[in-house]
Amino acid sequence: GRLKVAPEHTSDRVLRLMRKPSFQQFYEFKRIFDRINREENLHQQIIPHFISSHPGCLEEDMAELAVITKQLDFHLEQVQDFTPTPMTVATETWYTGYDPYTLEPVFSAKSQRDKLAQRQYFFWYKPEERRGIEQSLRRIGRADLISELCPFNRRRR
């Protein structure tokens, strides 16, 4: 009853660095999957896999991933932090700080603080994460997402 899939990210910019198709393909897949579920009276689930801290991924990308996965009603289970793996383009990009195809600089979260700042967005639905997410959203200039991701933290002013 559970289909595991690996869109890995929602940002088309990050997905390009991963050499993966646009997230629009996942939306199309999910639309077809949901239609078949309805037509066949099934109760199948999609379990998506996502990665944080991949080279090129910024904290803002993770905040947007959180909003999108919330809109899709996903409470993420299959997640991981990017781990450098020998002989991969992603690891070369992570290590050098450059896209080897374009030679453009590419940010990579390397410190524990930067990695945790990205990872927290996977868990927007956990009350214990909301305060940190709200603080991070303010810090990165995305306070506009607070009402979407942290509705119960809003203070009356």
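This structure is a prediction, so every number in the text was calculated from the model and none was measured.

## A few points about the pattern of salt bridges
Inspection of the entire model under this criterion finds 12 salt bridges. Residues K115 and D81 are paired through a salt bridge, measuring 4.0 Å at the closest nitrogen-oxygen approach. Placement of the pair is K115 in helix 5 (residues 112–119) and D81 in strand 3 (residues 78–81), with a sequence separation of 34 residues. Residue D81 is classed as partly exposed on the basis of its relative accessible area of 22%. Because the salt bridges share partners, they merge into one network encompassing E64, R142 and D144.

## Description of the pairing of strand 3
Here four bridges tie strand 2 (residues 45–52) to strand 3, and the two strands are oriented parallel to one another. Along strand 3, the bridge assignment pairs I51 with Q80. Chirality of the crossover, the property in question, places the unit of strand 2, helix 3 (residues 59–71) and strand 3 among those that are right-handed.

## Concerning the sheet that holds strand 2
An order of 1-2-3 is seen for the three strands of this open sheet, with the pairing classed as parallel. Because the sheet does not close on itself, it has two edges, and the strands there are strand 1 (2–8) and strand 3. The sheet shows a mean angle of 20° between the axes of neighbouring strands, direction not considered.

## Let's talk about helix 2 (residues 24–39)
Over its 16 residues, helix 2 runs 23 Å from end to end, which matches the ideal 22 Å to within 8%, given 1.5 Å per residue. When helix 2 is considered as a whole, its buried residues turn out to be F26, K30, F33 and N37. The arc that holds every buried residue of helix 2, seen down its axis, measures 65°, which confines them to one face. With respect to the buried face of helix 2, the exposed residues turned more than 90 degrees away are Q24, Q25, R38 and E39. Taken together, the buried residues of helix 2 touch strand 1 and strand 2. Downstream of helix 2 by one or two residues, N41 has phi in the positive range, about 55°.

Rules of the game
Residues numbered from 1 in each chain as written. Predicted model: local features only at pLDDT ≥ 70, side-chain atom pairs only at ≥ 80, totals over all residues. Heavy atoms only, no water. Salt bridge = Lys/Arg side-chain N within 4 Å of Asp/Glu carboxyl O. Helix = DSSP H or I, 4+ residues; strand = E, 2+ residues; numbered from the N terminus. Buried < 20%, exposed > 50% of the residue type's maximum accessible area, 1.4 Å probe, protein only. Pairing = 2+ DSSP bridges. Right-handed = clockwise from strand over helix to strand, strands pointing away. Axes fitted to C-alpha atoms, helices over the stretch in contact; angles between N-to-C directions. Expected span 1.5 Å × (residues − 1). Arc of directions from axis to C-beta. Contact = heavy atoms within 4.5 Å.

Structural measurements only, silent on function.
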